[in-house]
Amino acid sequence: MITSLVKYLNPARGDYNLSNYQKVREEFSWEEVKKNFSWYKTNKVNMAYECIDRHVADGFGEKIAIHYVNGEEEIKYTFKEVKEKTDHLATVLKKHGIHKGDIVFVFLPKHPDCLIATLAVIKLGAIVGPLFEAFMEEAIKDRISDCEGRYLITNLELGIRVPRDELPTLKKIFYTEDVDQCLNGEISLVGELRNTEIDNNVLEWVDFEHGLNIHYTSGSTGKPKGIIHAHRAMIHQYLTGKWVLDLKEDDVYWCTAHPGWVTGTVYGIFSPWLNRATIVINGGRFDAHSWYKAIERTKTTVWYSAPTAFRMLMAEGNDLVCEYDLSSLRHLLSVGEPLNPEVIYWGQEVLGRRIHDTWWMTETGAQLIVNLPSEVIKPGSMGRAFPGIEIAVLDDDGERLQPGEVGHLAVKAPWPGIMKEVWRNKEKYDSYFKFDGWYISGDLATIDEDGYIFFQGRSDDMINSSGERIGPFEVESKLIEHPAVAEAGVIGKPDPLRGEIVKAFIVLRKGYEASAHLIEEIRLFVRQKLAAHSAPREIEVLDELPKTKISGKILRRELKRLELQRLGE
Ligand code: PRX
């Protein structure tokens with residue numbers, strides 16, 4: 001990108017929660033932030049208490065906490081109702097043996113039940129593992145078996161995909177609906193809730209370092225790793241909600257991500273509720289009409305989404321926007337993949353608002369690089385370091401690079417949101433900190449004289465398709481399970497809509513002929529076993545794959561080079 005062609009966007013005049021970035025940055029102290037929590041005085045810590053119970057205790061019980069819409073369906077719950085429902089569910093879960101420190105997976109669609117289940121688990125001091133609703137058998141199995149998960153909350157529709165026979169540690173499955181005949185270890189929550197009296201003191205106090213949530217995230221090698229966060233992350237998640245999302249008393253806030261992706265948990269549940277905002281949930285899949293309708297119906301004021309979603313909305317045309325009243329929107333944000341300047345200009349022109357890019361990772365627990373509503377946006381930049389966070393671009397020896405030079409995007413550790421551990425993988429955890437005191441993100445970036453940071457790609461083979469982080473190894477492993485596939489190499493191919501798409505190069509086993517039918521069968525095989533977003537959108541058959549001479553490892557870099565060369569021709 002030629003920087004001189006980029007039009008900087010000035011902030012609109014407004015009363016923002018943070019209005020003087022430089023000054024706040026200079027005087028910043030995380031200690032001061034702690035004063036905003038009830039535990040500052042009581043010494044009693046639990047994320048769920050700060051998200052829900054505290055607001056009821058402070059007299060905001062009647063405020064709407066959730067506004068769910070899905071077609072004609074609509075549900076609204078107040079904070080008081082959410083408190084009762086989470087207490088009630090927690091009481092039932094406790095009765096069934098769930099204790100502090102247990103891992104409980106939640107596999108539910110975008111619906112109030114999903115948020116209630118998440119908070120109920122946290123109330124017990126258990127660790128919640130939200131699973132993405134698009135996950136299929138294998139993806140579910142990998143995650144639950146890796147951490148020997150014993151409990152799962154799901155519904156009848158998604159629960160079918162859970163391969164119980166292959167999950168010996170899984171002791172109990174809770175279904176949100178009425179179930180006619182439960183098999184051994186299956187529990188219908190409807191019946192249980194009916195027969196169990198609420199224990200209003202079910203909430204367990206924990207320590208700051210106590211496990212809060214586990215999200216599995218892909219790397220370029222091996223299966224996805226379980227990243228565990230601690231309750232202390234709330235300090236960081238609260239403050240980014242206040243300053244970056246700019247959440248205020250009357251905000252109606254919609255984060256479009258499902259809680260299975262860490263954004264949907266941290267910025268779809270924790271951060272807005274720590275700030276006492278009303279959370280919007282729009283059920284169902286992406287559909288431009290339904291999205292605009294959800295904003296109109298709920299009068300969404302603050303909207304956090306992702307570049308692919310904005311590009312899909314752009315592709316639907318600007319006329320569609322005029323059919324809806326979107327005048328409630330006051331603040332737009334994006335995360336997860338590079339936000340093209342064109343999308344920001346579209347937001348400005350068609351929605352009348354700037355789109356504020358933000359950067360973070362599952363491992364970082366909260367936003368670290370941000371565009372604040374009160375500051376200039378340089379389209380193409382992810383923004384600047386959040387106050388209290390130090391970012392640097394380092395060379396391969398861990399030395400700081402000059403502005404404009406491409407290097408490793410690094411963060412001075414620790415900070416309140418940083419992961420607590422990688423589940424039973426100290427080696428992996430340590431690998432993020434190979435330069436003393438710095439967390440190395442795996443992203444490449446440049447920084448300019450004003451501290452604005454520009455994403456330049458990944459230093460490894462990770463694929464980012466529509467904001468989903470996809471590890472090539474996981475897809476390759478699945479591909480070679482298909483009887484026709486002898487070898488597979490998977491890369492991210494640049495794509496105008498999705499940022500990247502998953503492209504697989506395969507070598508067929510002897511006796512198999514390449515055909516459109518076979519390719520489609522292989523694609524569906526990955527889709528049905530792993531997840532729709534992991535299935536290669538393109539599969540190309542080669543006679544052999546490029547490999548390293550000594551170890552015979554597949555050279556994904558070479559495949560990528562070939563693909564980019566072709567695209568450039
Ligand atoms: O490569 C970066 C990309 O997404 C990765 C993190 O993925 P995940 O852990 O699934 O995300 C969790 C919450 C965002 C990063 O290493 N990424 C994230 N934000 C941006 C981004 N790439 C470019 N621009 C961003 N704003």
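Residues numbered from 1 in each chain as written. Predicted model: local features only at pLDDT ≥ 70, side-chain atom pairs only at ≥ 80, totals over all residues. Heavy atoms only, no water.

Observations concerning the overall build of the protein chain
The helix and strand inventory of the protein chain stands at 19 helices and 26 strands. For 569 residues, the compact-globule estimate of 2.2 N^0.38 gives 25 Å, and the C-alpha radius of gyration of the protein chain, at 23 Å, lies within 12% of that figure. Projected onto its principal axes, the C-alpha positions of the protein chain cover 65 × 60 × 55 Å. Residues classed as buried in the protein chain amount to 58% of the 569 residues present. Within the protein chain, contacts between residues separated by at least 24 positions form 68% of all contacts whose residues are at least 6 apart in sequence. Summed over all atoms, the accessible surface of the protein chain reaches about 24,100 Å², with 48% contributed by carbon and sulfur. Positive and negative side-chain charges in the protein chain, numbering 70 and 85 respectively, have mean positions lying 2 Å apart. (Helix = DSSP H or I, 4+ residues; strand = E, 2+ residues; numbered from the N terminus. Rg over C-alpha atoms; globule rule 2.2 N^0.38 Å. Buried < 20%, exposed > 50% of the residue type's maximum accessible area, 1.4 Å probe, protein only. Contact = heavy atoms within 4.5 Å. Areas by Shrake-Rupley, 256 points an atom, 1.4 Å probe, with all protein chains shown as cover. Lys, Arg positive; Asp, Glu negative; His and termini not counted. Charge placed at Lys NZ, Arg CZ, Asp CG, Glu CD.)

Comments concerning the packing of aromatic side chains
Under the defined criterion, the tally for this structure stands at 22 aromatic pairs. Each ring, one from Trp 243 and one from Phe 386, has its centre 5.8 Å from the other, and the planes form 40 degrees; the classification is tilted. Residue Trp 243 is found in helix α10 (residues 233–243), and its partner Phe 386 is found in the loop between β16 (384–385) and β17 (391–394); the two are separated by 143 residues along the sequence. When the ring centre of Tyr 345 is taken as reference, the NZ or CZ atom of Lys 7 above it lies at 4.8 Å. (Phe/Tyr/Trp six-rings, centres within 6.5 Å; stacked < 30°, edge-to-face > 60°. Lys NZ or Arg CZ within 6 Å of the ring centre and 35° of its normal.)

A few points about helix α6 (residues 112–123)
Here α6 contains 12 residues, and its C-alpha end-to-end distance of 16 Å stays within 8% of the 16 Å for a straight helix at 1.5 Å per residue. For α6, the tally of buried residues reaches 11 of 12 residues, placing the bulk of the element in the interior. Taken together, the buried positions of α6 are Pro 112, Cys 114, Leu 115, Ile 116, Ala 117, Thr 118, Leu 119, Ala 120, Val 121, Ile 122 and Lys 123. At the C-terminal side of α6, Gly 125 shows a positive phi close to 75 degrees. (Expected span 1.5 Å × (residues − 1).)

As for the site of the ligand
Taken together, the neighbourhood of the ligand is formed by 19 residues, with Asp 357, Thr 358, Thr 362, Asp 443 and Arg 469 sitting nearest. In this structure, Asp 357 approaches the ligand through a side-chain N or O atom, which is 2.9 Å from a nitrogen atom. Separating a nitrogen atom of the ligand from a backbone N or O atom of Thr 358 is a distance of 2.7 Å. About the coverage of the ligand: the protein hides 98% of its 530 Å² of free accessible area. If you list the elements that add at least two residues to the shell around the ligand, you get α11 (262–274), β14 (355–359) and β21 (453–458). Tallying contributions element by element places β14 first for the shell around the ligand, with three residues. In the shell around the ligand, the residues fall into nine nonpolar, five polar and five charged. (Near = heavy atom within 4 Å. Polar contact = N/O pair within 3.5 Å; in protein donor to acceptor, adjacent residues only side chain to side chain. Nonpolar A, V, L, I, M, F, W, Y, C, P; charged D, E, K, R; others polar.)

Here's the deal with unusual backbone geometry
Residue Pro 414 is bonded to the preceding Ala 413 through a cis peptide linkage, with omega at -5 degrees. With phi around 55 degrees, Lys 299 is a residue other than glycine that occupies positive phi space. Among the secondary structure elements, Lys 299 is positioned in the loop between α12 (288–298) and β12 (302–305). According to the relative accessible area criterion, Lys 299 is exposed, its value standing at 54%. Positive phi, normally seen in glycine, also occurs at Arg 424, with a value near 45 degrees. Looking at the element boundaries, Arg 424 is found in the loop between β19 (421–422) and α16 (426–431).

Regarding the UniProt feature "domain: AMP-binding enzyme C-terminal" (unreviewed entry) in the protein chain
UniProt annotation of "domain: AMP-binding enzyme C-terminal" (unreviewed entry) refers to residues 474–549 when read in the numbering used here. Spanning residues 474–549, this segment combines 26% helix with 33% strand, and its end C-alpha atoms are found 23 Å apart. (UniProt positions renumbered as here; feature names shortened; annotations may be inferred.)

Brief notes about the layout of surface pockets
Estimates place the volume of the second largest pocket at around 1,400 Å³. Partitioned by chemical class, the residues of the lining of the second largest pocket number 20 nonpolar, 15 polar and 10 charged. When residues are assigned to domains, the lining of the second largest pocket turns out to be shared by domain 1 (34–443) and domain 2 (463–567), each giving three or more. (1 Å grid on protein atoms, 1.4 Å probe; cavity = no way out; pocket = protein on both sides within 12 Å on 5 of 7 lines; lining within 4 Å. Points joined across faces, edges and corners; volume = space filled by probe spheres on them. Domains from an automatic or database assignment.)

So, the packing of helix α13 (residues 307–315) against helix α15 (residues 341–351)
The geometry of α13 relative to α15 is characterised by a closest axis approach of 10 Å and an angle of 60 degrees between their N-to-C directions. It follows that α13 is oblique to α15 by the angle criterion. α13 and α15 meet at a crossing whose hand is left-handed. Along the contact surface, α13 presents Phe 310, Arg 311, Leu 313 and Met 314, while α15 presents Glu 342, Val 343 and Trp 346. Grouping the constituent residues of the contact of α13 with α15 by class yields five nonpolar, no polar and two charged. (Axes fitted to C-alpha atoms, helices over the stretch in contact; angles between N-to-C directions. Parallel < 35°, antiparallel > 145°, perpendicular 65-115°, else oblique. Left-handed = near helix turned anticlockwise from the far one by under 90°.)

Overview of the packing of α10 against α11
Interhelical geometry of α10 versus α11 gives an angle of 80 degrees and a closest axis separation of 8 Å. If you check the angle between α10 and α11, you find them roughly perpendicular. Contact residues: α10 offers Met 234, Gln 237, Tyr 238, Thr 240 and Gly 241, while α11 offers Val 266, Tyr 267, Phe 270, Ser 271 and Leu 274. When the residues that make up the contact of α10 with α11 are grouped by side-chain class, the tally is six nonpolar, four polar and no charged.

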